[in-house]
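Topology and contacts: notes
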2 protein chains.
Amino acid sequence: MTFERLRGFRDLYPEDAEPKFFMLRTADQVASSFGFQRIEMPSLESLELYRLKSGDELVSQTFSFVDKGGREVTMIPEATPSVVRMLTSRKDLPKPVKWYCYPKLWRYEEPQSGRLREHIQFNADIFGPNTPDADAEIIGLAATILDRIGLGGQFSVRINDRRLMEALLKAMGALDAISTFAIIDKFKKISREEFSSQLAKSGFPVNRISDLVLLMENPGNPAKLRETIEKVTEIDENLGDIIGRIEETLSLARVYTPSDLVIDFSVVRGLSYYTGIVFEVFDIKGEFRSILGGGRYDNLSKLMSDQDIPAVGFGMGDVVLEMLARRQDLWKVPTRPMRFSVCVASDKARGYSLDLSKRLRDAGYIANVDISRRSLSAQLKNASIQGYEYAILIGDRELENSEVTIRDLSTGQQESIPRPSLMSKLSSLEKK
Amino acid sequence: MTFERLRGFRDLYPEDAEPKFFMLRTADQVASSFGFQRIEMPSLESLELYRLKSGDELVSQTFSFVDKGGREVTMIPEATPSVVRMLTSRKDLPKPVKWYCYPKLWRYEEPQSGRLREHIQFNADIFGPNTPDADAEIIGLAATILDRIGLGGQFSVRINDRRLMEALLKAMGALDAISTFAIIDKFKKISREEFSSQLAKSGFPVNRISDLVLLMENPGNPAKLRETIEKVTEIDENLGDIIGRIEETLSLARVYTPSDLVIDFSVVRGLSYYTGIVFEVFDIKGEFRSILGGGRYDNLSKLMSDQDIPAVGFGMGDVVLEMLARRQDLWKVPTRPMRFSVCVASDKARGYSLDLSKRLRDAGYIANVDISRRSLSAQLKNASIQGYEYAILIGDRELENSEVTIRDLSTGQQESIPRPSLMSKLSSLEKK
């Protein structure tokens with residue numbers, strides 16, 4: 001009999017868990033340095049909470065069920081509804097509220113490259129001010145996390161604005177912005193012909209399709225935003241205000257990160273609840289799905305409560321991030337303490353070995369003690385296999401002479417030193 | 001319309017999430033310093049995996065359901081079956097394997113003090129050697145984590161051994177050790193009379209009940225283990241071997257921790273899969289359920305696979321740990337970087353403020369920038385409310401003179417200093 005894990009789920013063994021959690025920890029530290037605070041929501045919520053925001057389509061892709069008490073519940077498929085529930089159930093919180101979390105999320109959909117049934121998503125949100133500063137900070141936080149992970153230069157932040165797109169679509173005579181967004185959302189995945197044909201079918205004015213395609217095909221420097229837009233429509237006061245806000249947001253975001261910030265009219269984000277800036281981050285080589293995505297969503301709190309709290313945030317899944325990090329040879333833990341395996345060469349040396357190991361740990365090192373009671377040679381072999389850098393040998397001779405023997409497991413060289421000199425010896429090894 | 005979280009689940013707001021994750025991080029670091037490696041299992045597993053180990057009673061208390069693909073699945077109610085599944089599906093791993101994890105677990109049972117429907121459990125296991133050294137290391141790790149959290153002196157490790165108890169029960173003429181264990185497990189919760197009556201009903205020899213009660217009532221110093229046992233039975237060779245192993249384990253465990261290590265014959269652990277040492281850690285004041293529990297379970301891998309891998313481990317839930325930490329005034333994050341809120345007193349100062357904040361973060365501080373575009377006084381008030389230690393004010397004057405103004409939010413004192421002197425000023429504040 002053997003048991004297997006479920007399809008679309010992962011077992012994280014140490015070789016993957018360590019770099020994974022190291023990256024999440026980096027994101028955690030960056031968010032904390034920005035003054036964001038960590039929260040954590042339940043993994044199970046009332047299904048209604050998720051149906052409200054996302055509708056039946058998302059619900060059909062959830063791990064939802066009726067619990068033993070008869071409640072319709074779901075393993076959370078995204079974080080935002082829970083975060084907003086937590087926010088709106090605490091009216092005492094002074095704004096802005098800046099929160100982050102990195103829960104596991106679950107979706108019942110066909111597993112494929114970059115998408116699994118269970119993943120970890122790093123989320124950050126700012127609730128309160130609807131300002132370019134808040135938008136810029138969210139973009140800046142996302143980019144700084146990627147920079148700190150070591151991905152600087154490897155990604156591009158593609159930015160757009162829902163209000164801008166709505167105004168442009170209206171100027172072009174589109175009747176229904178939401179259904180046009182759904183088609184624009186597919187722009188990068190379908191052919192030009194297919195794109196045009198779907199637009200025409202949706203009732204989008206046929207004579208303006210080429211203008212819309214022109215916008216889609218001209219992502220670019222924020223400085224050229226006005227110029228590009230003027231190719232397809234006149235900039236009236238409303239449009240001018242919207243463009244002004246985007247320009248301001250981008251010039252502030254520029255201070256946070258040297259990374260590529262690009263206006264991309266094809267980024268609209270599938271879900272319909274965004275109300276302002278939207279953005280996605282892509283690998284510059286274009287090999288993967290988006291690394292993260294987010295935007296401003298000012299109406300969700302009203303939908304879920306009697307409160308009206310503007311919001312901007314992003315979510316970054318761990319799956320695409322891992323693929324990119326692996327490609328860039330970043331799938332490792334860059335620094336950690338020196339690692340010792342203490343080999344116990346005699347029964348009498350056991351207590352002494354444990355005590356020594358304790359002191360090594362107290363000094364900040366990683367110290368394994370061999371607990372196998374095998375021969376010294378087997379212990380040394382195992383220390384090598386397990387990847388320890390040094391073995392420390394304690395036997396009768398060491399015990400008698402108050403010594404320890406240190407063996408460099410990469411070279412096989414070893415030396416015996418007096419016990420009181422051990423810590424200074426280790427410091428000198430560390431500096432090598 | 002308002003949404004509420006499900007019963008028995010928690011929302012962790014920052015004031016609770018920070019100390020919670022700080023404690024888990026402490027446990028993580030201690031385990032890592034012992035040479036344990038972190039893993040992570042799926043949160044959803046085949047129900048069969050859990051039914052196998054724990055039987056139908058546990059299954060009736062799970063959040064289990066039939067997924068959209070028709071599989072019987074469960075949100076994991078404990079970690080061990082998944083850990084052993086991961087272990088046995090990788091035959092290439094050199095032993096010992098020393099793993100830790102801290103997954104969320106879910107149980108559908110009536111929420112009560114110390115027990116919720118969702119909790120986080122810190123788990124650590126050693127697979128491979130069945131030695132006193134491995135047993136001692138697991139106890140030592142558990143105690144060191146509690147010591148490092150700051151609970152030293154507040155807890156007592158209550159240790160027993162399943163083989164010892166089986167031998168003692170046999171010597172007393174008990175026919176069925178497992179059903180006697182179930183009664184012993186209730187010893188601390190029921191009266192002496194009830195205890196005796198249940199034993200009698202179970203077929204336990206009536207004339208030996210007083211001996212068993214004598215054992216139960218005499219937890220104590222490991223040095224007195226033989227003496228206590230001799231009060232109820234002769235120590236034959238088998239019993240002598242078992243006692244010898246316990247004594248050796250405890251003398252090794254003693255090197256790891258100065259904490260209270262006590263033999264307690266009433267600790268048998270409800271679940272039936274333990275095969276050697278068992279232990280639970282209790283608050284010395286006896287106010288709470290056990291803080292953690294574990295033991296040796298050498299048969300589980302055989303039950304789940306064709307491999308025979310001895311194992312010893314423990315699990316520590318976060319709920320009782322939090323209750324104890326709160327009582328001891330440890331529910332806080334002891335050290336963290338200095339926290340600044342940068343207040344932007346003029347539109348022109350915005351970019352400069354962002355840049356300054358970035359530099360503060362790069363230097364290891366926590367730097368919030370006020371993104372509200374409110375008045376300076378509103379920004380200062382908010383910085384205080386949000387608990388920042390210092391505000392840094394940047395307005396036109398500061399911009400012109402290349403200065404920054406630092407305001408101590410606890411005293412209201414402020415001073416303007418040249419921008420280039422800022423970092424050395426902050427270092428001096430830090431040392432105060």
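Only a predicted model underlies this, so the values are computations on that prediction, with no experimental measurement involved. (Residues numbered from 1 in each chain as written. Chains lettered and ligands numbered in written order. Predicted model: local features only at pLDDT ≥ 70, side-chain atom pairs only at ≥ 80, totals over all residues. Heavy atoms only, no water.)

Digging into the nonpolar core
Basically, it comes down to this: Side-chain atoms within 4.5 Å are what join buried Ala, Val, Leu, Ile, Met, Phe, Trp, Tyr and Cys residues into a set we call a nonpolar core. Note on exposure labels: buried denotes an accessible area under 20% of the residue type's maximum, exposed denotes more than 50%, and partly exposed covers the range between, all computed with a 1.4 Å probe on protein chains only. What makes two residues a contact is simply this: any of their non-hydrogen atoms within 4.5 Å.
Judged by nonpolar contacts, the single largest core of 100 residues is most densely connected at A:Phe122, A:Leu164, A:Leu212, A:Phe265 and A:Phe314. Here A:Leu212 is in contact with A:Leu169, A:Met172, A:Thr180, A:Ile184, A:Phe195, A:Leu199 and A:Phe204, once residues within four sequence places are set aside. Among the nonpolar cores identified, the runner-up in size contains 99 residues, and A:Val404, B:Ala174, B:Ile243 and B:Phe265 belong to it.

Digging into the packing of helix α2 (residues 47-60) of chain B against helix α3 (residues 80-88) of chain B
Residues and elements named next belong to chain B. Worth spelling out the cut-off: To get an axis, fit a line to the C-alpha atoms, keeping to the stretch in contact for a helix; angles then go from 0 to 180 degrees between the N-to-C directions. The helix count covers DSSP runs of H or I at least four residues long, the strand count covers runs of E at least two residues long, and both are numbered beginning at the N terminus. Under this scheme an angle from 65 to 115 degrees is roughly perpendicular, one under 35 degrees roughly parallel, and one over 145 degrees roughly antiparallel; angles in between are oblique. Rotating anticlockwise by less than a right angle from the far helix to the near helix defines a left-handed crossing, while the corresponding clockwise rotation defines a right-handed one.
Between α2 and α3, the shortest axis-to-axis distance is 9 Å and the interhelical angle comes to 110°. If you check the angle between α2 and α3, you find them roughly perpendicular. In this structure, the crossing between α2 and α3 has a hand that is right-handed. In this structure, α2 uses Leu49, Tyr50 and Lys53 to contact α3, whose residues at the interface are Thr80, Pro81, Ser82 and Arg85.

Notes on the interface of chain B and chain A
Put simply, the test is: Criterion for a salt bridge: a side-chain nitrogen of Lys or Arg within 4 Å of a carboxyl oxygen of Asp or Glu. Whenever two N or O atoms come within 3.5 Å, that pair is a polar contact, provided that in protein one can donate a hydrogen and the other can accept it, and provided that, for residues adjacent in sequence, both atoms are side-chain atoms.
Of the residues lining the interface, 96 residues belong to chain B; the matching set on chain A comes to 96 residues. Inspection of the chain B/chain A interface yields 14 salt bridges. The residue A:Asp11 makes a salt bridge to B:Arg85 at a minimum N-O spacing of 2.7 Å. Summed over the shared surface of chain B and chain A, the result is 48 residue pairs in polar contact (both at pLDDT 80 or more).

Remarks on the pairing of strand β10 (residues 277-283) of chain A
Residues and elements named next belong to chain A. Basically, it comes down to this: Two strands are said to pair when DSSP picks up at least two bridges between them.
Most of β10 is tucked away: seven of the seven residues are buried. What you see with β10 is no split at all: Ile277, Phe279, Val281 and Asp283 on one side and Val278, Glu280 and Phe282 on the other are buried throughout. As defined by bridge partners, strand β8 (residues 155-161) adjoins β10 across seven bridges and the pair is classed as antiparallel. Its bridge partner being in β10, serine 156 is matched across the sheet by phenylalanine 282. Bridge analysis of β10 against strand β11 (residues 292-296) gives four bridges, and the strand direction is antiparallel. Looking at β11, one finds that valine 278 is bridged to glycine 295.

Some points on a negative patch on the surface
Residues and elements named next belong to chain A. Put simply, the test is: Patches here: salt-bridge-free residues with over 30% relative accessible area, like charges joined within 9 Å, nonpolar side chains (Val, Leu, Ile, Met, Phe, Trp, Tyr) joined within 5 Å. Note on areas: Shrake-Rupley with a 1.4 Å probe; residue coverage comes only from the protein chains shown. Under this rule, positive means Lys or Arg and negative means Asp or Glu; His and the chain ends count for nothing. The location of each charge is read from NZ of Lys, CZ of Arg, CG of Asp or CD of Glu.
Taken together, the side chains of Glu227, Glu230, Glu234, Asp236, Glu237 and Asp241 present a region of like negative charge at the surface. If you list the elements that add at least two residues to the negative patch, you get α9 (225-230) and α10 (237-256). Assignment of secondary structure puts aspartate 241 in helix α10.

Brief notes about the sheet that holds strand β14 (residues 366-369) of chain A
All names here are of chain A. Within the open sheet, the five strands sit side by side as β14-β13-β15-β16-β17. Their pairing is mixed. The sheet terminates laterally at β14 and β17 (414-418), the two strands that pair on one side only. Looking at each pair of strands side by side, their axes are set apart by 25° on average, direction ignored. Each of β13 (339-344), β15 (390-394) and β16 (403-408) is contacted by helix α14 (residues 376-385), which is oriented at about 165° to β13, the strand it contacts most.

Notes on helix α16 (residues 422-431) of chain A
All names here are of chain A. As a reminder of what qualifies: Read the arc as the range of directions from the helix axis to the C-beta atoms.
For α16, the set of buried residues is Leu422, Leu426 and Leu429. When α16 is viewed along its axis, its buried side chains cluster within an angular range of 55° and face the same direction. Residues of α16 that are buried in the fold lie against β13, α13 (350-362), β15, β16 and β17.

Things to note about the domain arrangement of chain A
We apply this condition: Where each domain begins and ends is defined by an automated method or by a domain database.
Assigned domains of chain A: these are domain 1 (14-327) and domain 2 (339-430). Just the C-alpha atoms count here: the centres of domain 1 of chain A and domain 2 of chain A sit 51 Å apart.

Things to note about the relation of the copies chain B and chain A
Heads up, the condition is: To line up the copies, we fit them by least squares on C-alpha atoms, keeping just the residues with pLDDT of at least 70 in both.
Take chain B, turn it by 180°, move it 0.0 Å along the axis, and it overlays chain A with an RMSD of 0.0 Å. The symmetry that links the two subunits is that of a two-fold axis. Across chain B, the smallest distance between a C-alpha and the rotation axis is recorded for B:Phe65, namely 3.3 Å. When you check the interface residues of chain B against chain A, 100% turn up at the interface there too, and the contact is symmetric in its surfaces.

A word on the packing of aromatic side chains
The geometry of an aromatic ring pair is captured by two quantities: the separation of the ring centres and the angle between the planes. For the record, the criterion: For this analysis, a ring pair means two rings from Phe, Tyr or Trp (six-membered ring only for Trp) whose centres lie within 6.5 Å, classed as stacked if their planes differ by under 30 degrees, edge-to-face if by over 60, and tilted for the remaining angles. By definition here, charges over rings are those cases where NZ of Lys or CZ of Arg is within 6 Å of the ring centre and within 35 degrees of the ring normal.
In the structure shown here, the tally under the stated rule is 29 aromatic pairs over all chains. With a centroid separation of 6.3 Å and an interplanar angle of 35°, the aromatic rings of A:Phe122 and A:Phe314 are classed as tilted. Here A:Phe122, found in strand β7 (residues 118-127), pairs with A:Phe314, found in strand β12 (residues 311-317); they are 192 residues apart in sequence, far enough to count as distant. A:Phe122 sits in the buried class, given a relative accessible area of 0%. Take A:Phe314: its relative accessible area is 2%, and that puts it in the buried class. Through pairs of rings, three or more aromatic residues link up here, namely A:Tyr13, B:Trp99, B:Phe127, B:Tyr273, B:Tyr274 and B:Tyr297. One cation-aromatic arrangement involves A:Arg339 over A:Tyr388; the distance from NZ or CZ to the ring centre is 4.5 Å. The ring of B:Tyr108 carries B:Arg117 above its face, with NZ or CZ at 4.1 Å from the centroid.

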